[in-house]
Amino acid sequence: MVKLIKNFINDNLQKCRHFIVHILFLILNRFAKEKKPPKIIHKILLIRRNRLGDAINLLPIIALIRKSYPHIKISVLAETYNAEIFGYSSHIDKIYALNENTWGGRNFFFLNPVVRAAKKENFDLVIAFGGYTSTLAKLVYWIKPKYSAGVISNKGFFFDLVYDKKIKPSSNIASHVEDMAQVARASGLKIPKKIPFTHLEFLHKKNKKWLAICPDVERSESQYPIDQYGKIIKALLQDRRIEKIMLFIKDRNSPYKKLTQYGAQYMETKNLHDLVRRLATCNYAITAEGGSAHIAGALGLSTCVISGTKNQSYWKPHANKIKTIVDVSGAKKIPPEKIMKELYSLF
């Protein structure tokens, strides 16, 4: 009983604190002066902190910005693990690779040498991509550009005050790529409505009868069973339309290493560039939803994406030859025959 009372008191105290903070925000926001966007942009910084797929989805937006503004300097700030993706674009002049966990972490960005270097550039415009997060707002605050734009919170919070252009979140956007394009346009950039497909500028000769399998995924509902993958591998090799099946897994300890027993060839990759290089040799791919699906699509592979989650029309790779196979009750309920049928439709 005592514990229940304490929990009740704590919950209500937290609600009171949130209410008071929200009231203070509304007061400050009312008196905040709207800043006019710069008439001329010489230098722009695009922030896309995390996720490989999201970084890839930003590439066509960057290509459109370059097309519309050929003479501006385009820089990108990303986390160290996804910053490499931006190296596959010729439209970016400078990449800032940030490790958010160093120099005191996210509450001490003003100490981080990467943030300090970005601040010295005195950017005309900084656009924060990735929806509302306090981390994005903190980065923009410490970089201190002449003008900034970013998505604000649904209910209103102090971090919304960081942005000069406050972009309201939208719930009726068809895809993640279009969502980011809308943020770019809302910031004041004039870019075309038609968005090109994602593209990693990596030239490599494809082997017409090689297929890649990238099965690892964190979401349990999108994990496809080993034995069902095995049926697909055996059937494809017996059919002889595919000569070689390359298996890409996160490490040797992945349970999907067992797929070698069905005929897949394990390909060890030491880093992201190694994965891109080896994937680029294939012509087809079967992947779980996530970063590998976006990489395969951006490399031009004919790709089947297996998913057990909702909203795949929003999150699916923005690529030309993509088939998404979804069962929201769990990927394991997708028959192997259905996946092979979708794959053969891409031949």
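Our structure is the block above this text.
Residues numbered from 1 in each chain as written. Predicted model: local features only at pLDDT ≥ 70, side-chain atom pairs only at ≥ 80, totals over all residues. Heavy atoms only, no water.

Visitor: Help me understand the pattern of salt bridges, please; the structure alone is not making it clear to me.
Guide: Counted according to the given criterion, the structure contains 14 salt bridges. Notably, a salt bridge pairs Asp-54 with Arg-48, separated by 3.4 Å at the nearest N-O pair. Measuring nitrogen to oxygen at the nearest pair gives 3.9 Å for the salt bridge that ties Glu-121 to Lys-94. Of this pair, Glu-121 sits in the loop between helix H3 (113–120) and strand S4 (125–128) while Lys-94 sits in strand S3 (residues 94–98), and the two are 27 residues apart along the sequence. Here Lys-94 falls in the partly exposed class, since its relative accessible area comes to 34%. (Salt bridge = Lys/Arg side-chain N within 4 Å of Asp/Glu carboxyl O. Helix = DSSP H or I, 4+ residues; strand = E, 2+ residues; numbered from the N terminus. Buried < 20%, exposed > 50% of the residue type's maximum accessible area, 1.4 Å probe, protein only.)

Visitor: Can you help me understand helix H8 (residues 291–298) in this one?
Guide: One full turn of an α-helix is made of 3.6 residues, so residues set three or four places apart face in the same direction. Taking burial as the measure, the 8 residues of H8 include 7 buried ones, the bulk of the element. Where H8 terminates, the next one or two residues include Gly-300, which has phi positive at roughly 90°.

Visitor: Quick question: what am I supposed to make of helix H10 (residues 336–344) here?
Guide: All of the buried residues along H10 are Pro-336, Ile-339, Met-340 and Leu-343. When H10 is viewed along its axis, its buried side chains cluster within an angular range of 95° and face the same direction. Facing away from the buried side of H10 by more than 90 degrees, the exposed set consists of Glu-337 and Lys-341. Where H10 is buried, its residues meet strand S7 (210–214), helix H6 (226–239), strand S10 (284–288), strand S11 (302–307) and strand S12 (322–326). (Arc of directions from axis to C-beta. Contact = heavy atoms within 4.5 Å.)

Visitor: Is there a simple way to explain unusual backbone geometry in this structure?
Guide: Backbone geometry follows two general trends: most residues other than glycine have a negative phi, and most peptide bonds adopt the trans configuration. Phi is positive for Arg-240, close to 70°, though the residue is something other than glycine. As for its position among the elements, Arg-240 is in the loop between H6 and strand S8 (244–247). One non-glycine residue, Asn-311, lies in positive phi territory at about 60°. Mapped onto the elements, Asn-311 comes out in the loop between S11 and helix H9 (312–315).

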